[in-house]
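# Notes for the structure review
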Amino acid sequence: MDFQLTDEQAAVRELCRDFAREVVAPAAEKLDREHEFPYDIVRRMGEMGLFGLPFGEQYGGAGGDFLAYCLAVEEIARADAGVGITLEAAVSLGAAPIHDFGTEEQKSELLPDLLAGRRLWAFGLTEPEAGSDAGATRTRAELSGTEWVINGAKQFITNSGTRISAGVTITALTGPREISAILVPAGSPGYHILEPYRKLGWHSSDTHPLAFDGCRVPEANLLGKRGGGYGQFLHTLTGGRIAIGAHSVGLAQACLDAALAYAQERKAFGKAITQFQAVQFKLADMAMEIELARTLVWRAATGYMRAPESSGEVRKLAAMAKLYASETAKRCADQAVQIHGGYGFIEDYPVARYWRDVKINEIGEGTSEVQRMLIAREIGAG
Amino acid sequence: MKIVVTVKQVPDPNATQGLESDNTIARDREVVLDPGDEYGIEEGLVLKEAQGGEVILVSMGPERARDAIRKGLSMGADRGILITDEQLAGADALLTAKALAAAIKAESPDLVICATESYDGSTGMVPPMLAELLDMPQLTTAKQVEVSGSKVTIHRQTEDGYQVVEAETPALVTVTAGIAEPRYASLKGIMAARSKEVKQVGLSDLGIEKGEAAETVLAVNDAEARQAGEVVEDDGSVGVEKIMAVLQTAKVV
Ligand SMILES: Cc1cc2nc3c(=O)[nH]c(=O)nc-3n(C[C@H](O)[C@H](O)[C@H](O)COP(=O)(O)OP(=O)(O)OC[C@H]3O[C@@H](n4cnc5c(N)ncnc54)[C@H](O)[C@@H]3O)c2cc1C
Ligand SMILES: Cc1cc2nc3c(=O)[nH]c(=O)nc-3n(C[C@H](O)[C@H](O)[C@H](O)COP(=O)(O)OP(=O)(O)OC[C@H]3O[C@@H](n4cnc5c(N)ncnc54)[C@H](O)[C@@H]3O)c2cc1C
């Protein structure tokens with residue numbers, strides 16, 4: 001067994017690390033404070049090819065692999081969790097389902113713009129009455145002539161309301177206990193993007209509730225097989241969870257970077273606080289847990305690359321990577337604030353932002369409870 | 001136009017630095033393409049885009065210096081030459097210049113671009129030696145480069161402005177950080193770099209011998225610690241005068 005990255009993976013990581021440090025990180029504080037969407041950074045990431053990273057060249061992808069993509073998400077999230085989630089949601093939730101299940105026409109129409117980062121596509125699974133129990137979808141789509149007529153609502157949808165949002169893939173009931181996925185382009189009649197939420201963190205990312213009020217789209221906008229929606233989103237979330245794991249590792253690493261740098265400078269009782277064993281042990285635990293979380297993400301990512309049809313084994317690894325990495329990031333954020341003392345509670349230091357940003361990593365794309373349920377099921381308990 | 005850019009791999013400026021017991025720079029840590037050489041690559045690519053031609057990267061270093069070349073190739077350079085040989089470990093500036101010159105001569109470039117000084121060794125001696133060995137005119141510390149026909153013209157950075165200097169090609173130019181913002185590689189560039197050629201050569205391929213070191217580092221001393229500054233408390237009456245007195249003593253006013 002060899003944990004060496006390939007030349008390409010290492011180059012992607014270096015490129016994203018440089019870009020994150022030089023371009024993303026300096027903008028993060030202002031984007032957070034002003035709740036601004038990073039249009040310029042998204043454009044530049046698009047030009048670099050990050051939005052097309054794990055896809056083939058046929059539709060304008062870069063021909064990289066899934067692990068390289070995870071490395072990119074980690075490095076970008078390390079600088080700004082909101083920008084990181086914008087990339088992750090655009091690729092794993094937006095483009096990937098179209099790439100994996102779309103028809104030739106759907107792919108050639110939509111993917112070139114999405115993979116170049118010129119447009120963003122969203123994924124609308126969660127509803128007001130269907131979150132963890134995503135199969136409890138109430139949104140309905142009925143065929144009327146050659147059109148789907150959609151009624152219902154979606155909750156907390158990332159990348160749905162930016163100036164460059166091109167549409168959303170929703171899950172909807174197309175019959176009794178029959179869930180299908182449908183592509184709803186922005187501007188479809190009856191499709192309403194409501195006011196953004198006032199979030200605790202991820203301020204530079206875009207999240208809206210969506211309403212479908214007799215919304216009409218062509219019949220050909222069905223994504224994949226009719227009734228295949230449930231299986232499709234399980235598949236989509238498997239890849240998404242590994243990428244969220246990578247996002248969490250990035251955030252955890254940012255916490256360690258900040259805490260270590262601060263501890264080396266800060267003096268108390270006449271010495272740098274890194275001289276106190278209580279502080280050293282916190283930093284050592286953070287470093288160890290981050291390494292473990294990263295290893296689990298890499299393991300899940302390589303498993304996913306080998307078996308993209310998401311076997312039970314890969315689904316379990318994805319759940320473990322997402323769960324362990326997000327809880328690691330949460331602990332790291334907590335300790336990073338603790339090591340900063342009172343200054344950690346002040347927004348002049350980035351750890352305050354990390355602490356606000358990290359909580360949702362234990363919730364989005366399946367809560368920690370849901371991940372534990374999945375793992376328990378895969379190991380034969382329950 | 002055939003352009004050679006010299007590129008060196010150096011310890012990551014963002015990581016902690018150290019020296020080995022023989023006063024060479026510790027290399028057991030993260031290494032990166034010298035940020036200064038990224039400017040050279042960028043300028044090479046800009047000239048190539050304007051005039052056509054080829055950008056060749058030449059580096060001397062251990063096996064893993066190939067990563068520095070790869071980075072430049074993913075930015076858009078066409079191919080690379082890696083000079084690596086156990087005998088070159090700890091090479092001084094002259095041996096470095098001889099090795100680079102031998103590899104570059106074989107390419108007969110129109111233009112050689114170097115950074116003004118490296119991030120780590122930073123002697124600034126390699127480019128001038130290289131120019132001598134290649135028998136090329138050298139135009140140093142350029143913040144702008146123009147090539148027209150067989151003439152290369154630079155704006156040479158000085159303390160209070162710039163000089164316009166020109167020479168016939170083939171010539172060697174050293175560039176400063178101000179010259180152009182290095183581009184980020186693209187993912188396509190990274191993938192394309194996979195199939196670009198990096199030729200590896202050793203001392204015998206270049207037909208040179210190691211010889212005696214021309215330069216030995218005898219000792220490395222810490223820079224003298226800066227004296228604490230003088231604090232002038234403004235008690236509302238004498239602050240300004242005291243500050244003026246300090247500034248006059250320091251001859252800044
Ligand atoms: C910023 C943000 C961005 C998001 N982006 C998207 C997006 O792009 N697309 C999308 O579709 N969704 C998105 N979501 C929604 C997110 O995936 C859901 O919020 C999440 O899946 C949880 O659903 P819920 O909020 O309805 O919580 P609920 O399901 O109501 O859960 C409430 C609590 O009950 C627990 N719980 C529920 N069921 C069980 C059980 N069986 N056993 C034990 N505990 C249980 C949960 O773990 C949780 O602690 C986003 C959310 C946020 C906040
Ligand atoms: C204390 C000390 C320790 C040193 N330790 C080491 C060491 O461990 N390893 C080591 O390699 N050198 C080391 N050097 C430098 C070494 O002695 C030579 O000076 C070095 O080979 C080249 O000089 P430079 O780095 O000062 O180049 P400079 O003359 O400052 O470089 C200017 C430009 O020349 C080009 N260039 C220089 N070297 C190369 C190269 N190898 N390949 C391609 N292009 C190049 C680059 O474009 C560079 O930006 C050390 C120097 C000192 C003073």
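This text gives an overview of the structure that appears in the document. (Residues numbered from 1 in each chain as written. Chains lettered and ligands numbered in written order. Predicted model: local features only at pLDDT ≥ 70, side-chain atom pairs only at ≥ 80, totals over all residues.)

Residues and elements named next belong to chain B. Strand order in the open sheet made by the nine strands is β9-β8-β7-β10-β6-β1-β4-β5-β11, with mixed pairing throughout. Since the sheet does not close on itself, it has two edges, and those belong to β9 (161-168) and β11 (198-201), each with one partner. Along the sheet, successive strands turn relative to each other by an average axial angle of 30°, direction set aside. Bridge count between strand β4 (residues 54-60) and strand β5 (residues 79-83): five bridges; the pairing is parallel. Bridge assignment links Val-58 to a residue of β5, and that residue is Ile-81. (Pairing = 2+ DSSP bridges. Helix = DSSP H or I, 4+ residues; strand = E, 2+ residues; numbered from the N terminus. Axes fitted to C-alpha atoms, helices over the stretch in contact; angles between N-to-C directions.)

In this model, helix α6 (residues 229-265) of chain A (37 residues) spans 53 Å end to end at C-alpha, consistent with the 54 Å of a helix rising 1.5 Å per residue. α6 of chain A sits mainly inside the fold: 29 of its 37 residues count as buried. (Expected span 1.5 Å × (residues − 1). Buried ≥ 20, exposed ≤ 12 C-beta atoms within 10 Å, placed from the backbone.)

Here the focus is unusual backbone geometry. Cis geometry marks the peptide bond from Thr-169 of chain B to Pro-170 of chain B; its omega dihedral reads 0°. Of note, Pro-170 of chain B is situated in the loop between β9 and β10 (171-175). You will see that His-35 of chain A, though not glycine, has its phi angle at about 50°, which is positive. Position of His-35 of chain A among the secondary structure elements: in the loop between α1 (7-34) and α2 (39-48). Even without glycine at this site, Asn-159 of chain A takes up a positive phi of about 65°. Structurally, the position occupied by Asn-159 of chain A is in the loop between β3 (147-158) and β4 (165-175). Look at Asn-159 of chain A and you get buried, because 28 C-beta atoms sit within 10 Å.

This part takes up the packing of helix α3 (residues 93-105) of chain B against helix α4 (residues 126-134) of chain B. All names here are of chain B. Running from N to C, α3 and α4 point in directions that differ by 45°, and their axes come no closer than 9 Å. The angle between α3 and α4 falls in the class oblique. Seen along the crossing, α3 lies across α4 with a hand that is right-handed. Taking contact as the criterion, the partners of Ala-93, Leu-94, Thr-96, Ala-97, Lys-98, Leu-100, Ala-101, Ile-104 and Lys-105 in α3 are, on α4, Val-126, Met-129, Leu-130, Leu-133 and Leu-134. (Parallel < 35°, antiparallel > 145°, perpendicular 65-115°, else oblique. Left-handed = near helix turned anticlockwise from the far one by under 90°. Contact = placed C-beta atoms within 7 Å.)

Next up on the list: the pairing of strand β1 (residues 2-6) of chain B. All names here are of chain B. In terms of residue burial, β1 counts as a mostly covered element, since four of its five residues are buried. In terms of strand pairing, β1 meets β4 through five bridges, oriented parallel. Bridged to Val-4 within β4 is Ile-56. In this sheet, strand β6 (residues 111-115) lies alongside β1 in parallel orientation, the contact comprising three bridges. Residue pairing in the sheet places Val-4 in a bridge with Val-112 of β6.

Residues and elements named next belong to chain B. Close to ligand 2 lie 32 residues, the nearest being Thr-24, Ala-115, Gly-121, Thr-123 and Val-126. Secondary structure elements with two or more residues in the shell around ligand 2: α1 (35-51), β4, α3, β6 and α4. In terms of residues, the shell around ligand 2 owes the most to one element, α3, which gives three residues. (Near = placed C-beta within 6 Å.)

Residue and element names in this part refer to chain A. In the neighbourhood of ligand 1, 23 residues make up the surrounding shell, with Leu-125, Gly-131, Ser-132, Phe-156 and Thr-367 lying closest. Secondary structure elements with two or more residues in the shell around ligand 1: α4 (81-101), β1 (120-124), β3 and α10 (368-378). When its residues are assigned to classes, the shell around ligand 1 shows 11 nonpolar, nine polar and three charged. Both of domain 2 (121-223) and domain 3 (229-378) provide at least three residues apiece to the shell around ligand 1. (Nonpolar A, V, L, I, M, F, W, Y, C, P; charged D, E, K, R; others polar. Domains from an automatic or database assignment.)

Attention now goes to the packing of α6 of chain A against helix α8 (residues 312-339) of chain A. All names here are of chain A. Relative orientation of the contacting elements α6 and α8 amounts to 20°, with a least axis distance of 8 Å. Of the possible angle classes, the one that applies to α6 and α8 is roughly parallel. Crossing of α6 against α8: the hand is left-handed. Class assignment for the residues of the contact of α6 with α8 results in 21 nonpolar, six polar and three charged.

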